[in-house]
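Here are the chains, one letter per residue:
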Amino acid sequence: MKHLLRIVVIVLVISCGGNNVKEEVKLSGQLEHYSDRSKIYLERIDEAGIVRIDTTGLNGKGKYTMYVPVSEPSFYRLNFNDRQYVSIILTGEEDEVIVNAHGNDPRGFSEVSGSHDSELKNRMDVIMQAYQKERAHYQQTQLQARRSGDIQRYNIAVNNMVQLGMEAEQELKQLIREAAPSLAAFYGLQMIDVNNNYLFIDSVAQALNDEIRDNFHVKNLLSRIKSEKSLAIGADAPDIELPNPDGDLVSLSSLKGKYVLVDFWAAWCRPCRAENPNVVRMYNKYADENFEILGVSLDRTRNAWLTAIEQDGLPWLHISDLKFWNSRAAKTYQIHSIPATYLIDPQGKIIAKNLRGPSLEAKLREIFR
């Protein structure tokens, strides 16, 4: 779920069944806070971005009505006074979609009825909001426990947070299955970590392609999935062979038979350096249990690379071609930001990606318990 929190796309979901598409869908609602100057803008999300397609005022006592021509399922949002935004999904099959809102508060009240796909999307949002709130609580508990040296409390918080993520992910998957094939399912997929759920995401994407293949959101999703296939969980890890600090070539394939954490980092990367103490702690804990780390540096100079290894006390294997982002290994593993990690099993298959901090600790504990 870690990447979950990174992407919230404003989406309106598509349902199947284009044969019953109406010429217009009625939009109506009531604003809690309004004035004579209040404006409601209807905006569509498409390849050009957010496009304003209609504007209306109030027709008395905070009420408004709009009629939207919908020739195909599309993503929309209602913009109230450039202050509050409510995303909806119009498929063309709705009779009337009612959107009530505060009208002047970005975080104010809103509710949508009359659109089944929008309701599914909103249920997904509720799951994620609850997850984020509880996750923040566990993160704070971990921080307090680490500062006080309470290892037991820290480990409990780590385990609770991992369990929380798994439960939220399962709830989301269930709603996505219920929504597929529609853009509500597409919306939900943005909250699922592709690194650990490739097969699930691929199966939903293929269902979307079968039903709404011409939608540009689906096309982009399929393109992204295709590029991820060679590096998906369960795939054979592509080999890496680069020089170590002594100039000798070291390959990832030579480490078959061990669990290997391939750690992409650099001396100039502050988040990498901040994470290194945790990685050292994990290495010291599991080095005698068939565990190895292969550090792949994206540095440009040998001196910076070796100085960082010494300063941070990194006792594992290190390799680099000192080509910065043009590193052959970085291109092979599609590395666009660091730190980045791949965990490889003894058979040479990818079993996890982008593990850091508590997630790395939890995964290694699961493997070596």
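Now for a look at the structure at hand. (Residues numbered from 1 in each chain as written. Predicted model: local features only at pLDDT ≥ 70, side-chain atom pairs only at ≥ 80, totals over all residues. Heavy atoms only, no water.)

**Structural notes on the overall build of the protein chain**
Part 1: Across its full length, the protein chain holds nine helices and 15 strands.
Part 2: Considered along the principal axes of its C-alpha atoms, the protein chain spans approximately 75 × 45 × 40 Å.
Part 3: Of all 369 residues assigned to the protein chain, the portion counted as buried reaches 49%.
Part 4: Relative to all contacts within the protein chain whose residues are 6 or more apart in sequence, the contacts with residues 24 or more apart total 66%.
Part 5: Seen as two clouds, the 44 positive and the 48 negative side-chain charges of the protein chain have centres 4 Å apart. (Helix = DSSP H or I, 4+ residues; strand = E, 2+ residues; numbered from the N terminus. Buried < 20%, exposed > 50% of the residue type's maximum accessible area, 1.4 Å probe, protein only. Contact = heavy atoms within 4.5 Å. Lys, Arg positive; Asp, Glu negative; His and termini not counted. Charge placed at Lys NZ, Arg CZ, Asp CG, Glu CD.)

**Here's the deal with helix α7 (residues 302-312)**
Residues spaced three or four apart along an α-helix face the same direction, because each turn holds 3.6 residues.
Part 1: Among all positions in α7, only Trp 305, Ala 308 and Ile 309 are buried. Projected down its long axis, α7 carries its buried residues within an arc of 100 degrees, all on one side. Counted as exposed and oriented over 90 degrees from the buried face of α7: Asn 303, Glu 310 and Gln 311.
Part 2: In this structure, the buried residues of α7 make contact with β9 (241-243), β11 (259-265), α6 (270-286), β12 (291-297) and β13 (317-319).
Part 3: Following α7 by one or two positions, Gly 313 has its phi on the positive side, about 60 degrees. (Arc of directions from axis to C-beta.)

**Here's the deal with the state of the cysteines**
Part 1: Applying the stated criterion across every chain, the model contains one disulfide.
Part 2: One disulfide bridge connects Cys 269 with Cys 272, the sulfur atoms lying 2.3 Å from each other. The disulfide joining Cys 269 to Cys 272 has a torsion of about 75 degrees about its S-S bond and is therefore right-handed. As far as the burial class goes, Cys 269 and Cys 272 line up, both buried. (Disulfide = S-S within 2.5 Å.)

**A short note on unusual backbone geometry**
Part 1: Following Ala 180, the chain continues into Pro 181 via a peptide bond in cis, with omega recorded as -5 degrees.
Part 2: Its place among the elements puts Pro 181 in the loop between α2 (151-179) and α3 (183-189).
Part 3: Here the bond from Ile 338 into Pro 339 is cis, since omega is 5 degrees, no more than 30 degrees from zero.
Part 4: Examined against the element boundaries, Pro 339 turns out to sit in the loop between α8 (328-332) and β14 (340-344).
Part 5: Of note in the backbone geometry, Gln 334 takes a positive phi value of approximately 50 degrees without being a glycine.

**Here's the deal with the nonpolar core**
Part 1: Of all hydrophobic cores here, the largest spans 47 residues; its most connected members are Ile 240 and Phe 264.
Part 2: At the level of elements, β11, α6, β12, α7, α8, β14, β15 (350-353) and α9 (357-368) are the ones that each hand at least two residues to this core.
Part 3: Top element by residues in this core is α6. It accounts for six residues.
Part 4: In this structure, Ile 240 is in contact with Val 250, Ser 251, Leu 252, Val 262, Phe 264, Val 296, Ile 319, Ala 329 and Tyr 333, ignoring residues within four places of it in sequence. (Core = buried A, V, L, I, M, F, W, Y, C linked by side-chain atoms within 4.5 Å.)

**Some words on the sheet that holds strand β5 (residues 74-80)**
Part 1: Spatially, four strands are ordered β3-β2-β5-β6 in an open sheet, and the strand pairing comes out antiparallel. Both outer strands of the open sheet, β3 (49-56) and β6 (84-90), are each paired with one neighbouring strand and no more. Between one strand axis and the next, the sheet turns through 30 degrees on average, direction left out of account.
Part 2: Here strand β2 (residues 40-46) runs beside β3; their pairing, made up of seven bridges, is antiparallel. In the sheet register, Ile 45 faces β3, and the bridge partner there is Ile 50. (Pairing = 2+ DSSP bridges. Axes fitted to C-alpha atoms, helices over the stretch in contact; angles between N-to-C directions.)

**Thoughts on the sheet that holds β15**
Part 1: Sheet architecture is open: five strands sit in the order β13-β12-β11-β14-β15, paired in mixed fashion. Single-partner strands in this sheet number two, and they are β13 and β15. Direction aside, the axes of adjacent strands within the sheet are offset by 20 degrees on average.
Part 2: Here β11 pairs with β14 via five bridges, running antiparallel. Within β14, the position partnered with Val 262 by the bridge is Tyr 342.

**So, the packing of α6 against α9**
Part 1: Two elements in contact, α6 and α9, have axes separated by 10 Å at closest approach and are oriented at 10 degrees. Here α6 lies roughly parallel to α9, going by the angle between them. Counted together, Glu 275, Asn 278, Val 279, Arg 281, Met 282 and Tyr 286 of α6 and Gly 357, Leu 360, Glu 361, Leu 364, Arg 365 and Phe 368 of α9 form the full contact between these two elements. (Parallel < 35°, antiparallel > 145°, perpendicular 65-115°, else oblique.)

**Quick notes on the packing of aromatic side chains**
Part 1: Applying the stated rule across the entire model yields 11 aromatic pairs.
Part 2: With centroids separated by 5.5 Å and ring planes inclined at 65 degrees, the aromatic side chains of Tyr 283 and Trp 316 adopt a geometry described as edge-to-face. A residue pair is termed long-range when its members are at least 10 positions apart, and Tyr 283 in helix α6 and Trp 316 in the loop between α7 and β13 qualify at 33 residues. Summarising the burial analysis for this pair, Tyr 283 and Trp 316 share the class buried.
Part 3: Ring centres of Phe 324 and Trp 325 lie 6.0 Å apart, and the angle between their planes is 55 degrees; this geometry places the pair in the tilted category.
Part 4: Assessed through its relative accessible area of 31%, Trp 325 is described here as partly exposed.
Part 5: Each member of the aromatic cluster is reached from another via a ring pair, and the members are Tyr 259, Tyr 286, Phe 291 and Phe 368.
Part 6: When the ring centre of Phe 200 is taken as reference, the NZ or CZ atom of Lys 173 above it lies at 5.2 Å.
Part 7: Sitting over the ring of Phe 324, Arg 300 keeps its end group 3.9 Å from the ring centre. (Phe/Tyr/Trp six-rings, centres within 6.5 Å; stacked < 30°, edge-to-face > 60°. Lys NZ or Arg CZ within 6 Å of the ring centre and 35° of its normal.)

**What about the pairing of strand β7 (residues 96-101)?**
Part 1: One ladder, built from three bridges, connects strand β1 (residues 24-30) with β7; its direction is parallel. Paired with Leu 27 across the bridge in β7 is Val 97.
Part 2: Note that β7 and strand β8 (residues 110-113) share four bridges and pair antiparallel. From the neighbouring strand, Ile 98 faces β8, where its bridge partner is Ser 113.

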